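Residues per chain are reported as follows:
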Amino acid sequence: MKIREDFLPMNRPSIGEAEIAAVSDCLRSRWITTGPLCQSFEERFRGLTGARYAISITSATAGMHLALMALDIGPGDEVITPSMTFVSTINMIALLGAKPIFADIDYQTLNVLPEEIEARISKRTKAVIPVHFAGAPADMDGIMGIAKRYGITVIEDAAHAVGTRYRGTHVGGFGAMAVFSFHPIKNITTGEGGMITHDDEALEKRMRILRFHGIERDAWKRYGKGGNPEYDILEPGYKYNMPDMQAALGIAQLARLETLNARRKQIVDLYREALADVAGLDLPGWPTYPHDHAHHLFVVKIASMTRERFMERLSEYNIGYGLHFPACHRLSYIQKRYAPNPLPETDRAAARIISLPLFPDMTDDDVLYVCQAIREILQTPGGRR
Ligand SMILES: *Cc1c(COP(=O)(O)O)cnc(C)c1O
């Protein structure tokens with residue numbers, strides 16, 4: 001087959017004229033940091049998830065930090081999470097002085113298993129952070145049942161899950177809190193950004209204060225007409241508030257969510273059809289419970305050659321790829337500091353996974369090109385003649 005001349009990336013955000021106009025309008029208004037557009041974005045996010053509260057933040061990492069702080073997680077506490085996740089979660093647990101404990105996953109779906117979480121619970125367990133992996137919801141009935149029985153708080157890592165539904169309900173309201181990400185790779189983007197959703201009035205107050213230096217009120221309320229620029233601080237906080245410039249982008253993206261996710265689904269359907277009979281490659285498994293998949297990532301497993309060689313060959317075809325994720329329990333500081341328990345299914349998956357290009361602006365021809373390249377690569381692992 002003929003090699004394409006331009007590079008096909010693994011991901012590219014879909015930014016249309018509506019997004020560009022929305023951000024320009026915000027710039028023209030001269031109110032560019034946290035303000036009315038963040039409020040509006042939060043309100044729309046409450047509408048999507050059904051959560052009582054939504055707090056816009058500078059990243060999902062910042063959101064996870066606030067969520068863990070608001071639960072007073074610190075030294076002596078354990079937090080259970082899959083190792084097959086982005087390391088940001090583990091970093092936040094570690095920076096707060098708590099200990100990450102890793103639960104194994106289902107090899108097919110890459111989602112954390114409830115029985116694996118239960119097996120890791122101790123007297124020190126404070127919270128569990130399931131990930132809705134690649135846009136497929138985690139087994140929330142199973143996880144919430146265990147959490148209730150042991151009195152453990154659940155924080156949903158919903159970074160992949162804008163548009164994900166579990167048994168008909170949008171994720172973000174199953175646990176005590178959920179954290180979404182709007183990094184450019186995610187289903188909708190604000191450049192960088194995130195959202196915490198939850199239902200608790202006390203947590204709302206605490207997280208809003210921690211989000212902004214520990215100050216009781218946001219800048220736009222203090223600097224508006226008749227505002228009071230004085231403040232008091234009861235507890236030191238961070239600087240995690242989302243600017244309105246980014247909320248403008250988020251609102252425009254959210255308006256297109258259904259269209260964007262529908263296109264993602266078409267692409268995944270096309271991949272599945274075109275790769276169904278390819279030997280040496282395992283397609284991702286889907287959860288057996290009813291769900292709407294957000295198709296954030298398309299993660300296949302290479303069974304018949306090394307992933308390293310497979311990636312080299314994809315590069316020869318001008319095709320991008322991703323790795324979601326290097327297993328966290330194998331990272332140097334985590335090995336050294338925590339000596340994690342064995343995770344055979346995570347290790348088995350981690351050696352083989354690779355994320356193929358998936359973004360709404362990909363054409364059908366792009367998808368078929370990738371599939372054709374994969375066929376050739378797996379048939380001639382040594383390379384083209
Ligand atoms: C992207 C991602 C995060 C972090 O999101 P940021 O907004 O970049 O901080 C957390 N968890 C998972 C599973 C992710 O994929």
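Per-chain numbering applies: the sequence of each chain, read as written, is numbered from 1 onward. Given that this is a predicted model, residues contribute local features only at a pLDDT of at least 70 and side-chain atom pairs are listed and counted only at 80 or more, while totals for whole chains, interfaces and linings are drawn from all residues. The side-chain figures draw on all heavy atoms in the structure; neither hydrogens nor water molecules are used.

**Describing the layout of surface pockets**
Using protein atoms alone on a 1 Å grid, points that fit a 1.4 Å probe yet trap it form a cavity, whereas open point sets bounded by protein on both sides within 12 Å along at least five of seven lines form a pocket; residues with an atom within 4 Å of a point count as lining. Grid points are joined across faces, edges and corners, and a volume is the space filled by probe spheres set on the points. Size it by volume and the largest pocket reaches roughly 440 Å³. As for the largest pocket, its lining consists of 27 residues, and the residues nearest its centre are F86, V87, S88, K186 and F325. Elements are defined by DSSP. Helices are runs of H or I of four residues or more, strands are runs of E of two residues or more, and each kind is numbered from the N terminus. Mapped onto the lining of the largest pocket, the elements with two or more residues apiece are helix 3 (60-70), helix 4 (87-95) and strand 8 (177-181). Residues of the lining of the largest pocket, tallied by class, amount to 13 nonpolar, 11 polar and 3 charged. All residues other than Ala, Val, Leu, Ile, Met, Phe, Trp, Tyr, Cys, Pro, Asp, Glu, Lys and Arg, Gly among them, are scored as polar; the first ten of these are nonpolar and the last four charged.

**Points about empty space enclosed by the protein**
Counting across every chain of the model gives 2 cavities of 30 Å³ or more. Lining the largest cavity are 17 residues, with A134, P284, G285, H293 and L297 sitting closest to its centre. Sorting elements by how many residues they give to the lining of the largest cavity places strand 12 (residues 298-302) first, with 3 residues. Looking at side-chain class alone, the lining of the largest cavity contains 11 nonpolar, 5 polar and 1 charged residues. Reported here for the second largest cavity is a volume of approximately 60 Å³. What lines the second largest cavity is a set of 15 residues, among which P13, S14, K186, N187 and R264 lie closest to the centre.

**Quick word on the site of the ligand**
Whether a residue is near a molecule or strand depends on its heavy atoms: it is near if one of them lies within 4 Å of it. Around the ligand sit 15 residues in total, of which T61, D157, H160, S181 and K186 are the nearest. One of the side-chain N or O atoms of H160 is found 2.6 Å from an oxygen atom in the ligand. N or O atoms closer than or at 3.5 Å make up a polar contact, with two conditions inside protein: a donor-capable atom paired with an acceptor-capable one, and, for residues adjacent in sequence, both atoms drawn from side chains. Here S181 contributes a side-chain N or O atom positioned 2.7 Å from an oxygen atom of the ligand. Mapping the ligand onto the cavity grids shows that it belongs to the largest pocket. Split into classes, the residues belonging to the shell around the ligand amount to 5 nonpolar, 8 polar and 2 charged. Think of it this way: if more than half of a molecule's atoms are within 2 Å of a pocket's grid points, that molecule is in the pocket or cavity.

**A closer look at the packing of aromatic side chains**
Planes of paired rings set the category: under 30 degrees apart is stacked, over 60 is edge-to-face and the rest tilted, where pairs are Phe, Tyr or Trp rings (Trp by its six-membered ring) whose centres lie within 6.5 Å. In this structure the tally under the stated criterion is 10 aromatic pairs. Between the aromatic rings of F86 and F325, the centroid separation amounts to 5.9 Å while the plane-to-plane angle is 35 degrees, which identifies the pairing as tilted. Of this pair, F86 sits in the loop between strand 2 (78-82) and helix 4 while F325 sits in the loop between helix 11 (307-316) and helix 12 (332-338), and the two are 239 residues apart along the sequence. Only protein chains enter the accessibility calculation, which uses a 1.4 Å probe. A residue is then buried if its area is under 20% of the maximum for its type, exposed if over 50%, and partly exposed in between. Judged by its relative accessible area of 8%, F325 is buried. Between the aromatic rings of Y166 and Y289, the centroid separation amounts to 5.2 Å while the plane-to-plane angle is 65 degrees, which identifies the pairing as edge-to-face. Residue Y166 is located in strand 6 (residues 165-166), and its partner Y289 is located in the loop between strand 10 (281-282) and strand 11 (291-292); the two are separated by 123 residues in the primary sequence. Here the aromatic cluster, defined as three or more aromatic residues joined through ring pairs, consists of F41, F45, F180 and F182.

**A few points about the packing of helix 1 (residues 17-29) against helix 9 (residues 244-255)**
Axis angles are defined between N-to-C directions and span 0 to 180 degrees, where every axis is a line fitted to C-alpha atoms and, for a helix, only to the segment in contact. Viewed as axis vectors pointing N to C, helix 1 and helix 9 meet at an angle of 150 degrees, and their least axial separation amounts to 8 Å. Comparing their axes, helix 9 and helix 1 come out roughly antiparallel. Regarding helix 1 and helix 9, the two cross each other, and that crossing is right-handed. Contact residues: helix 1 offers A18, E19, A22, V23, C26 and L27, while helix 9 offers D244, M245, A248, L249, A252 and Q253. Of the residues in the contact of helix 1 with helix 9, the class split is 9 nonpolar, 1 polar and 2 charged. Orientation is classified from the angle alone, with under 35 degrees giving roughly parallel, over 145 giving roughly antiparallel, 65 to 115 giving roughly perpendicular, and any other angle giving oblique. Whether a crossing is left-handed or right-handed is set by the direction in which the near helix is turned from the far one by less than a right angle, anticlockwise for left-handed and clockwise for right-handed. The contact rule is simple, with two residues in contact once any of their heavy atoms fall within 4.5 Å.

**Details of the environment of I188**
Tracing the chain through its elements places I188 in the loop between strand 8 and strand 9 (194-198). When sequence neighbours within four positions are dropped, the list of residues in contact with I188 reads V162, S181, F182, H183, G250, Q253, L254, L257 and L260.

**Considering the nonpolar core**
Core analysis: the largest hydrophobic core is formed by 31 residues, its most contacted members being Y271, L275, L281, F298, F310 and I374. Listing elements by their share of this core, those giving two or more residues are helix 10 (257-275), strand 12, helix 11, strand 13 (353-356) and helix 14 (364-379). Broken down by element, the residue count for this core peaks at 8 residues, all from helix 14. In this text, buried Ala, Val, Leu, Ile, Met, Phe, Trp, Tyr and Cys residues form a nonpolar core when linked through side-chain atoms within 4.5 Å. I57, L68, V179 and M207 belong to the second-largest nonpolar core, a separate cluster that totals 27 residues.

Shape is all these values report; function is a separate question.
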